[in-house]
Amino acid sequence: FAANLTHLWAELPYLDRFDAAAEAGFEAVEVLFPYDVAAPETVRALRRNGLSMILLNAPGPNYAGGARGFAAVPGGEARNEKRKR
């Protein structure tokens, strides 16, 4: 089982949820959209707690205008990779 950190411990700051998951006995977590925090910070929280990230959603589309998606669009690979960092 994995703790869904988007929904569990919502009262805690994002990075503190990793601590809570480990304290609750989880070995893995999932996060829907972790892109408001730099990836290295998330990696540090995972490593600090001995957790695995088993699922995260691809970066969302541009809801304000422009193309709706890009992860699977030929030529959109670089944009997708940049959004994951």
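One numbering rule holds for all chains: residues counted from 1, following each sequence as written. Restriction of local features to residues with pLDDT of at least 70 applies here, the model being predicted, together with a cutoff of 80 or more for giving and counting side-chain atom pairs; totals for whole chains, interfaces and linings are based on all residues. Neither water nor hydrogens contribute to the side-chain values; these are computed over all heavy atoms in the structure.

Visitor: Account for the overall build of the chain, with residues named and values stated.
Guide: Across its full length, the chain carries three helices and three strands. The contacts in the chain between residues at least 6 apart in sequence include a share of 55% that link residues at least 24 apart. Surface accessibility in these figures is a Shrake-Rupley result with a 1.4 Å probe; residues are shielded only by whichever protein chains are displayed. Accessible surface for the chain amounts to roughly 5,600 Å². Of this, 56% is attributable to carbon and sulfur atoms. Elements are defined by DSSP. Helices are runs of H or I of four residues or more, strands are runs of E of two residues or more, and each kind is numbered from the N terminus. We call two residues contacting when some pair of their heavy atoms lies within 4.5 Å.

Visitor: Describe in detail the pairing of strand β2 (residues 28-31), supporting the description with residues and values.
Guide: Accessibility here uses a 1.4 Å probe with only protein chains present; expressed as a share of the type maximum, an area under 20% marks a residue as buried, one over 50% as exposed, and anything in between as partly exposed. Along β2, one buried face is formed by Ala28 and Glu30 and the opposite face, lined by Val29 and Val31, is buried too. In terms of strand pairing, strand β1 (residues 3-4) meets β2 through two bridges, oriented parallel. Note that in β2 the partner of Asn4 across the bridge is Glu30. Note that the unit made of β1, helix α1 (residues 14-23) and β2 has a crossover that is right-handed. We call two strands paired when DSSP finds no fewer than two bridges between them. Where β2 and strand β3 (residues 52-56) come together, four bridges link them in parallel fashion. Along β3, the bridge assignment pairs Val31 with Leu56. Handedness of the crossover joining β2 and β3 through helix α2 (residues 39-49) is recorded here as right-handed. Look down the strands so they point away from you; if the path from the first strand over the helix to the second goes clockwise, the crossover is right-handed.

Visitor: Run through the nonpolar core, naming residues and quoting values.
Guide: Core analysis: the biggest nonpolar cluster contains 11 residues, these being Ala3, Leu5, Tyr14, Phe18, Ala21, Val29, Val31, Val37, Ala45, Leu46 and Leu51. For this core, the elements supplying multiple residues, two or more each, are α1, β2 and α2. When residues in this core are grouped by element, the largest group, three residues, is from α1. Those residues within four positions of Leu46 in sequence are excluded, and the remaining contacts are Phe18, Val29, Leu51, Ser52 and Met53. What is meant by a nonpolar core is a set of buried Ala, Val, Leu, Ile, Met, Phe, Trp, Tyr and Cys residues, joined one to another through side-chain atoms within 4.5 Å.

Visitor: How would you sum up the packing of α1 against α2? Please name residues and give values.
Guide: A pair of packed helices is characterised by two quantities: the angle between their axes and the separation of those axes. Think of each axis as a best-fit line through the C-alpha atoms, taken over the contacting stretch in the case of a helix, with angles from 0 to 180 degrees between the N-to-C directions. Where α1 meets α2, the axes come as close as 9 Å, and the angle between the chain directions of the two elements is 20°. Classed by the angle they form, the pair α1 and α2 counts as roughly parallel. The handedness of the crossing between α1 and α2 is right-handed. Every residue of α2 that contacts α1 at Tyr14, Leu15, Phe18, Asp19 and Ala22 is listed here: Glu41, Thr42, Ala45, Leu46, Arg48 and Asn49. Here the term charged refers only to Asp, Glu, Lys and Arg, the term nonpolar to Ala, Val, Leu, Ile, Met, Phe, Trp, Tyr, Cys and Pro, and the term polar to all other amino acids, Gly among them. Considered class by class, the residues forming the contact of α1 with α2 number six nonpolar, two polar and three charged. Working rule for angles: under 35 degrees goes down as roughly parallel, over 145 as roughly antiparallel, 65 to 115 as roughly perpendicular, anything else as oblique. By convention the crossing between two helices is left-handed if the near helix lies anticlockwise of the far one by an angle smaller than a right angle, and right-handed if it lies clockwise.

By themselves, these figures tell us nothing about what the structure is for.
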